[in-house]
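# Breakdown of the fold
Below are the chains, spelled out letter by letter.
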Amino acid sequence: MASVKVAIANRQKKTKIPTGARLLIKRCCHAVLAHEGFERPAEISISFTDDTGIRELNSSFRGKDAPTDVLSFPLGEDGKYDLNNETGAALLGDIVISMERAVEQARLYGHSLEREIGFLTVHSMLHLLGYDHERSGLEGTIMREKEEEILSELGLSRELTYTALDDGTLR
């Protein structure tokens, strides 16, 4: 596989970024590109924010005045991407993850925060590569299947991730 640069920035202070989250995100980015046969050098930017920050972005760019879990800002279309003039790498785009929302959704869905961060990263990477679940139900189904295949390859399948309840039982 060609080189992949994943720049990660923490732009929030409300939620501690778990140990290993940055490595997990890089693994997810590589896994998506490998799964999709993307063999060119690439660059991706990922930022952690809070609900306030993602709400502002969602309002500005999508006209939706509400927080969301993740936003993707692709820099390409139909497999054509801007290039970094110095490295020749394809600039795939930017991903913004609300850590507040990720923690809330991990609790809501009863899985680990690791699984949630992995899911949000894989989901957004597919958006950067041109997939859009909002275009049609079929494309949404295809995207969901790809997400689960990739997460399974990473050991983050629904069946293998769980959370411990307060009484020590697993869910």
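Please refer to the structure higher up on the page.
Before going into details, it helps to say that this report is about the structure given with it. Position numbers for residues count from 1 along each chain, tracking the sequence in the order it is written. The predicted origin of the model limits local features to residues at a pLDDT of at least 70 and limits the giving and counting of side-chain atom pairs to 80 or more, whereas totals for whole chains, interfaces and linings rest on all residues. Note: side-chain values were computed over all heavy atoms of the structure, leaving out hydrogens and water.

### Observations concerning the environment of Phe73
Examined against the element boundaries, Phe73 turns out to sit in strand β3 (residues 70-74). Distance in space between the C-alpha atoms of Phe73 and Phe61 is 9.4 Å, their sequence separation being 12 residues. Secondary structure elements follow DSSP: runs of H or I no shorter than four residues count as helices, runs of E no shorter than two count as strands, and numbering proceeds from the N terminus.

### Focus: helix α5 (residues 137-153)
Side chains of residues three or four places apart in an α-helix project in the same direction, reflecting 3.6 residues per turn. Between the first and last residue of a helix there are one fewer steps than residues, each counted as 1.5 Å, and that sum is the expected span. With 17 residues, α5 should reach 24 Å at 1.5 Å per residue; the first-to-last C-alpha distance of 24 Å fits that figure. Looking at the buried residues of α5, the elements they touch are α1 (21-35) and α4 (113-128). A positive phi of about 80° marks Gly155, the residue just after α5. Two residues form a contact once any of their heavy atoms are found within 4.5 Å.

### Re the layout of surface pockets
Empty space within the largest pocket amounts to approximately 710 Å³. Within this scheme a cavity is a closed region of a 1 Å grid, computed over the protein atoms alone, that accommodates a 1.4 Å probe without allowing it to escape, whereas a pocket is open but has protein on both sides within 12 Å along at least five of seven lines; lining residues each have an atom within 4 Å of a point. In terms of lining, the largest pocket is formed by 35 residues, of which the most central are Ser72, His123, His127, Asp132 and His133. Among the elements of the structure, α2 (51-62), β3, β4 (76-77), α3 (99-109), α4 and α5 are those that each provide at least two residues to the lining of the largest pocket. A total of eight residues in the lining of the largest pocket trace back to one element, the largest contributor, which is α4. For the lining of the largest pocket, the per-class residue count stands at 12 nonpolar, 11 polar and 12 charged. Considered as a void within the structure, the second largest pocket measures approximately 160 Å³ in volume. If you go around the second largest pocket, the residues you meet are Pro18, Thr19, Gly20, Ala21, Leu23, Leu24, Arg27, Leu113, Glu114 and Ile117. Sorting the residues of the lining of the second largest pocket by element identifies α1 and α4 as the ones contributing at least two each. For the lining of the second largest pocket, the leading source of residues is α1, giving four residues. For the lining of the second largest pocket, the per-class residue count stands at six nonpolar, two polar and two charged. Grid points are joined across faces, edges and corners, and a volume is the space filled by probe spheres set on the points. All amino acids are sorted into three groups, where Ala, Val, Leu, Ile, Met, Phe, Trp, Tyr, Cys and Pro are nonpolar, Asp, Glu, Lys and Arg are charged, and the leftover types, Gly among them, are polar.

### Concerning α1
Taking 1.5 Å of rise per residue, the 15 residues of α1 would be expected to cover 21 Å, and the 21 Å separating its terminal C-alpha atoms lies within 8% of that figure. Burial classes follow relative accessibility: with a 1.4 Å probe on protein chains only, a residue under 20% of its type's maximum area counts as buried, one over 50% as exposed, and anything between as partly exposed. By the burial criterion, the buried members of α1 are Ala21, Leu24, Ile25, Cys28, Cys29, Ala31, Val32 and Leu33. Here the buried face of α1 lies against β1 (4-10), β2 (42-49), β6 (90-98), α4 and α5. Backbone geometry just downstream of α1 places Gly37 in the positive-phi region, at approximately 70°.

### Comments concerning the packing of α3 against α4
Convention adopted: a line fitted to C-alpha atoms gives each axis, helices being fitted over their contacting stretch, and angles between N-to-C directions are expressed from 0 to 180 degrees. Relative to each other, α3 and α4 sit at 120°, their axes nearing to 9 Å. Taken together, the axes of α3 and α4 are oblique relative to one another. The two elements α3 and α4 cross, and the hand of that crossing is right-handed. Facing α3, whose interface residues are Met99, Ala102, Val103, Gln105, Ala106 and Tyr109, α4 presents Leu113, Glu116, Ile117 and Leu120. Its residues assigned to classes, the contact of α3 with α4 comprises eight nonpolar, one polar and one charged. Throughout this description, any angle smaller than 35 degrees is read as roughly parallel, any larger than 145 degrees as roughly antiparallel, any in the 65 to 115 degree range as roughly perpendicular, and the remainder as oblique. By definition, any crossing whose near helix is turned counterclockwise from its far helix by less than a right angle is left-handed, and any crossing with a clockwise turn is right-handed.

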